[in-house]
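Fold and geometry: a report
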Amino acid sequence: MQSRPEGRGFTPIFLMMEAKIEQRQWWVDRWLELLDSYRFKKRLERARNYAREGNVLSLQFVESKLTALVQGTEVDPYQVTLGLDCFSDEDWHYVVATLAQQALYAAQLLGGAMPPSIEQVFVQNGLNLFPFTLGEVHSHCSCPDKANPCKHIGAVYYQLADHFQEDPFVIFRLRGRSRSELLEQLSCYRHLSSAQLATYDPDLWADSMAIAIDVEEGATIAKPQKETKAEQQQAIKEFWQYGGELVPELTAIAPPDNPLQQIERLGDLPLNYEVAREIKQALTQIYQAASQAALGQIVGTSE
């Protein structure tokens, strides 16, 4: 076996198959369920080892298709491609139209989160967001192994799970909509009525963008003026208060699904395992209590 070239490694951020079940996001579980259905477990074990050891050198999207370089036993890495059937523009129109008319969906997506029941929106429109079987995933590897998935493709599956954990919009990219495209279309559709969204028009997205721009340009922008000391103190006092008018279709108040989401994004605490676990447990209770107290203030159930 030839040695692996130096300086070409792509170190996994955090392999999801090593994570505890409660640490994984639901969309990662949905992706890994595909691999669990594969009957050749030895092949999956080798794929896990490849991903764990950093043999996936690079991952890159070319439009909606994922391309990867995976280091095998040869000097040159193998080329892997992976993709799903993309939804048509018409399919995406009805999906985004449904999302735009649901305040919670719109708020969570525009905030960068994946709503837990978003799959039902696709089902309502005759689509499946996640593939049901590996046969629905179009993959190819330049290695001589004719089996699919080979261990190189399998390693890309596992590595992709890491990216799902960090960025749930990856699954939309595989279906033909990038994060920026989806959020832009969703933001524009919020300015349209249900009647306008009821039927598909290829020019509707562009027209809605023009409407959104007109709305923004028509807003009155106050000329900034120097504040007095008293005004500055009042501004500090009212910093956490929202004095503007809430957009009715985007007003969605709910506690976070994961109270420690922001802390977990920072990585492991630089402490021993038991101390770090106790701190996270304590913070979980504090965040949950704070969320409930905030909701109580909003609905008027507490002082």
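Attention here is on the structure that accompanies the text. (Residues numbered from 1 in each chain as written. Predicted model: local features only at pLDDT ≥ 70, side-chain atom pairs only at ≥ 80, totals over all residues. Heavy atoms only, no water.)

A few words now on the side chain of Ser-64. By the element assignment, Ser-64 lies in the loop between strand E1 (56-62) and strand E2 (65-70). Contacts of Ser-64, omitting those with residues within four sequence positions, involve Cys-86, Arg-173, Leu-174 and Gly-176. (Helix = DSSP H or I, 4+ residues; strand = E, 2+ residues; numbered from the N terminus. Contact = heavy atoms within 4.5 Å.)

As a further point, take the sheet that holds E1. Spatially, four strands are ordered E1-E2-E3-E4 in an open sheet, and the strand pairing comes out antiparallel. The open sheet terminates on both sides in strands that have one partner only, identified here as E1 and strand E4 (138-141). Across this sheet, the average inter-strand angle for adjacent strands is 15°, counted without regard to direction. One ladder, built from five bridges, connects E2 with strand E3 (residues 78-83); its direction is antiparallel. In the strand pairing of E3, Thr-67 is matched with Thr-81. Across the sheet, helix H6 (residues 151-166) touches E1, E2, E3 and E4, and the angle it forms with E3 is around 55°. (Pairing = 2+ DSSP bridges. Axes fitted to C-alpha atoms, helices over the stretch in contact; angles between N-to-C directions.)

Glancing now at the pattern of salt bridges. On inspection of all chains with the given rule, the structure shows five salt bridges. Across the pair Asp-89 and Arg-177 runs a salt bridge, and its minimum N-O distance is 3.4 Å. Remark: Arg-177 occurs in the loop between helix H7 (170-174) and helix H8 (179-189) and Asp-89 occurs in helix H3 (residues 89-100); sequence separation between them is 88 residues. With a relative accessible area of 45%, Asp-89 lands in the partly exposed category. Look at the salt bridges and you will find they share partners, linking Arg-30, Glu-33 and Glu-119 into a network. (Salt bridge = Lys/Arg side-chain N within 4 Å of Asp/Glu carboxyl O. Buried < 20%, exposed > 50% of the residue type's maximum accessible area, 1.4 Å probe, protein only.)

On the surface, a nonpolar cluster with roughly 210 Å² of combined accessible area is contributed by Leu-271, Val-275 and Ile-279. With a relative accessible area of 33%, Val-275 lands in the partly exposed category. (Patch = residues over 30% accessible without salt bridge, like charges linked within 9 Å, V, L, I, M, F, W, Y side chains within 5 Å. Areas by Shrake-Rupley, 256 points an atom, 1.4 Å probe, with all protein chains shown as cover.)

Turning next to the packing of helix H4 (residues 103-110) against H8. Taken N-terminus to C-terminus, the directions of H4 and H8 make an angle of 140°; their axes are 10 Å apart at the nearest point. Taken together, the axes of H4 and H8 are oblique relative to one another. By crossing handedness, the relation of H4 to H8 is classed as left-handed. Between H4 and H8, the contacting residues are Ala-106, Leu-109 and Leu-110 on the first element and Leu-183, Leu-186 and Ser-187 on the second. Split into classes, the residues belonging to the contact of H4 with H8 amount to five nonpolar, one polar and no charged. (Parallel < 35°, antiparallel > 145°, perpendicular 65-115°, else oblique. Left-handed = near helix turned anticlockwise from the far one by under 90°. Nonpolar A, V, L, I, M, F, W, Y, C, P; charged D, E, K, R; others polar.)

To continue, consider helix H1 (residues 26-36). All of the buried residues along H1 are Trp-27, Val-28, Arg-30, Trp-31, Leu-32, Leu-34 and Leu-35. Residues of H1 that are buried sit in contact with helix H2 (41-52), E3, helix H5 (118-124) and H6.

On to the pairing of E2. Because side chains alternate across E2, one face comprises the buried residues Leu-66, Ala-68 and Val-70, and the other comprises Lys-65, Thr-67 and Leu-69, none of which is buried. Summarising the sheet, E1 and E2 pair through six bridges and their orientation is antiparallel. Of the residues in E2, the one forming a bridge with Val-56 is Val-70. Counting the residues that bridge the hairpin from E1 to E2 gives two residues, and of these Glu-63 lies at a positive phi of roughly 60°.

Another point: H2. Under the 1.5 Å per step criterion, the end-to-end length of H2 is 16 Å for twelve residues, consistent within 8% with the ideal 16 Å. Inspection of H2 places Arg-43, Leu-44, Ala-47, Tyr-50 and Ala-51 among the buried residues, and these make up the whole buried set. Looking down the long axis of H2, one finds its buried residues gathered within 115° of arc, a one-sided arrangement. Those residues of H2 hidden inside the fold are in contact with H1, E1, E2 and H6. Gly-54 sits one or two residues past H2 and shows a positive phi near 80°. (Expected span 1.5 Å × (residues − 1). Arc of directions from axis to C-beta.)

Our focus in this paragraph is the pairing of E3. Looking at chain direction, E3 and E4 are connected through four bridges and run antiparallel. What sits directly across from Thr-81, in E4, is His-140.

With that settled, consider the nonpolar core. Ranked by internal contacts, the top residues of the largest apolar core, which has 63 residues, are Leu-82, Phe-122, Phe-164, Ile-171, Phe-172 and Tyr-189. The greatest single-element share of this core, amounting to eight residues, is contributed by H6. (Core = buried A, V, L, I, M, F, W, Y, C linked by side-chain atoms within 4.5 Å.)

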